[in-house]
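Fold and contact review
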Amino acid sequence: MENENSIVTKELKIGYDGHIIVPSFDIELKKGKITSIIGANGCGKSTVLKAIGRIIKSESGTVIINDTDMSNMKNKEIAQQMAILPQTPTAPGTLTCRELVGYGRFPYQSGFGKLSKKDKLIVEWALEVTNMSEFSDREIASLSGGQRQRVWIAMALAQQTGIILLDEPTTYLDLAHQLEVLELLKKLNEGQKATIIMVLHDLNLASRYSDYLLAMKSGHIAGYGEPKDVMTKEMLADCFGIDGDIVDDGRNGKPVCLSYDLVGSSDNGETNSNAAYAARMDKLQSAIAESEKEKEEARQKNFFYKTVDKVKSCFKKKDGDK
Amino acid sequence: MRKEKTRKKVSPIQKGIYINIGLFVLLIVVFIIGCNVGDYKVGIWQTIKTFFGKGDKYSNLAIFTFRLPRLCLAILVGLGMGMSGVVMQDLLHNDLASPGTLGVSAGSGLFVTLYVALGGDTGTGAILMPVLALAGGLLSAGIIFLLGSKKGQRVQPTRLIMTGVAVGSAYGAISSIMTYIVDENKMEFLQRWQQGELWGTQWRYIIVFAVWLAIFATFTYRNSRTLNVINTSYDIARGLGVNVGKQFVYMAICAVALSSSAVAFGGNFFFLGLIGPHIARRLVGTDARVLMPASGIIAGIIVLLADILVQGLSFISGIPTGIVITILSVPYFLYLLLRS
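This one's a predicted model, so the numbers in the text were calculated from it and none came from an experiment. (Residues numbered from 1 in each chain as written. Chains lettered and ligands numbered in written order. Predicted model: local features only at pLDDT ≥ 70, side-chain atom pairs only at ≥ 80, totals over all residues.)

What follows is about the interface of chain A and chain B. Chain A puts 27 residues into the contact, and the matching count from chain B is 20 residues. Every element with two or more residues in the side of chain A that touches chain B is listed here: helix H2 (75-81), strand S6 (82-85) and helix H3 (97-103) of chain A. Among the elements that take part in the side of chain A that touches chain B, H2 of chain A stands out by supplying four residues, more than any other. (Contact = placed C-beta atoms within 7 Å. Helix = DSSP H or I, 4+ residues; strand = E, 2+ residues; numbered from the N terminus.)

Residue and element names in this part refer to chain A. When you tally the buried positions in strand S3 (residues 34-39), you get six out of six residues, the bulk of the element. Of the two faces of S3, the one carrying Ile34, Ser36 and Ile38 and the one carrying Thr35, Ile37 and Gly39 are both buried. Where S3 and strand S8 (residues 195-199) come together, four bridges link them in parallel fashion. Bridge pairing in S8 places Thr35 opposite Ile197. Looking at chain direction, S3 and strand S9 (residues 212-217) are connected through five bridges and run parallel. Within the sheet, the bridge partner assigned to Ser36 lies in S9 and is Leu213. (Buried ≥ 20, exposed ≤ 12 C-beta atoms within 10 Å, placed from the backbone. Pairing = 2+ DSSP bridges.)

The next thing to look at is unusual backbone geometry. Both trends apply: most residues other than glycine have a negative phi, and most peptide bonds are in trans. All names here are of chain A. Not every positive phi belongs to a glycine, and Tyr172 is a case in point at roughly 65 degrees. Note on Tyr172: 13 C-beta atoms within 10 Å, which makes it partly exposed. Positive phi outside glycine occurs at Lys193, with the angle close to 55 degrees. Relative to the assigned elements, Lys193 resides in the loop between helix H6 (175-191) and S8. Classification of Lys193 as exposed rests on a count of 11 C-beta atoms within 10 Å.

This part takes up the sheet that holds S3 of chain A. Residues and elements named next belong to chain A. Spatial ordering of the open sheet is given by S6-S7-S8-S3-S9-S10, a layout of six strands whose pairing is mixed. Each edge of the open sheet is held by one strand with a lone partner, namely S6 and strand S10 (220-225). For this sheet the average axis-to-axis angle between neighbouring strands, irrespective of direction, equals 15 degrees. In this fold helix H1 (residues 45-52) packs onto S3, strand S7 (163-167), S8 and S9, with an angle of close to 140 degrees to the strand it touches most, S3. (Axes fitted to C-alpha atoms, helices over the stretch in contact; angles between N-to-C directions.)

What follows covers the pairing of S10 of chain A. Along a regular strand, successive side chains alternate from one face of the sheet to the other. Residues and elements named next belong to chain A. As paired strands, S9 and S10 are joined by five bridges and run antiparallel to one another. Looking across to S10, one finds that Met216 is bridged to Ile221. Connecting the antiparallel pair S9 and S10 is a turn made up of two residues, with Ser218 showing a positive phi of about 30 degrees.

Residue and element names in this part refer to chain A. Reading across the sheet, the four strands line up as S2-S1-S4-S5 and stay open at both edges, with antiparallel pairing between neighbours. Looking at the sheet topology across the chains shown, the edges are occupied by strand S2 (19-30) and strand S5 (68-69). Sheet analysis places strand S1 (residues 5-16) next to strand S4 (residues 60-65), joined by five bridges and oriented antiparallel. Looking across to S4, one finds that Lys10 is bridged to Thr62. In the packing of H1 onto the sheet, contacts are made with S1, S2 and S4, and the angle to S1 comes to roughly 115 degrees.

Structure follows, in structure tokens:
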């Protein structure tokens, strides 16, 4: 029986410089599905994605891709099964789209080999799927943000992997282009049966386009399941510290967060923290006024300023005389 | 009726190959001109005849004994510096990286200076000198890498370059001190060499140099596709299955080796490793497979031209070639700065 999980992590421990960000991460990510990782800034969602995509080394634990332990695989073998797009990827601006997409064939080439006919056809296919064919000879510096994101996705596609990891693929894009990119990913998921795992900031888009949501809070899994089970008022309060109203989107039946406030700011009346805050502000204000007064006094005592003031007052008198 | 032109689109790499061929032809032309320039006038036709073994006594002497070794050395220095610059720039994603700015040349230079100052003979040092230069360059690169990258963090190219400039100046200063504590003969040699002087004009040096370059250029060129991928960004390269750490070290050693032999036999050409890749990038783009040879050839042409000026113009004859290169390249850099 074929395994239904494409990526499994076991006790994955990830950190930078001895500072542990994710202490132990166990997850089973489903094959052929779109999974979005959500969570507040600094919760470790990008870190987990990068560790799975081996952009950063994990301190311990295992990542299993399609039933094989990643540590037993060669770099190029992994790259033939899993593609990863970092957040806002960069490349020399003078590269043409076709050249960049051709880099996606790197894991299949050896030595100094040229792109084979098959490689070239796959590059054309990737450009076609992402609607970038007409731009294939353009330099990437001349592309708009949406086009650039599409050409990077094309590069990942040229890798011909079953799994694609993306770190916030919609960053810096306007609403229409965000949808365009996510529609493209959905098309790939449906057409090529690609497993897509991405970090998304926008909760509503994550909910709309994902089969599964993985909510994270300070390095731990706070919830994992279908959007309707994960996207709840409790999760919003727990992971994001917001008090939101969840309703069903009339268009697709997925839960959306309609309106939200910071937790605690909705209850009227002076809370303790507010009173303390006001007191602190008052204290600072009076301290600032105090310091100005001190400066003025010091100025009056200072010999140099005294002289200057005297001279000034002399001129003033003269002016007065005239 | 208008004739429909069905021009086949040329891919960037094909265009790059054509430009490389063009540059190579230009190199040959400049080389032949170089054979003509000097106190004894040979003439183009006579030069070509001499090459085919039909020269007279004087043209044979002028070309084979005096000019050819020097011109070959000029080309080799250019090739080494030009290719090394491309590798360093691609590895660090920064157009300001070069053997000169990273302090690698200065490190190589220090070791050669020490060798000469401590009584080493430049005559018997044909093999020893590039090896020492390589050791000095690697040591320098290692020190700069340790100082320029924080532990546990990723390589920060700009930081590395800043460190390289600082450490390189320190090496330069130590080398300068050395020149003052040696005797007069050595002092003059070292001073000229530090300005960039094509001194290793004996065939045995040139053969060692050529073999050395051929070996390391092959090592580097074999990995030019990997270099392309690393040049996008380290993360992308990792995602595509490149072992970035290992490749970085490997390519860096190759780059240092390419530049260090040039430093050993040709002296310290500060701008060469910067300007060669720069011009090449504008002509052929970023693909290392065509950029590396183009950069090497362009740097070779620059050294040849500078050397022709030194040999041909009486009022500057005898000054180190490196100074001419610096004087020629500074306006180009100012022009680039003003444009950007």
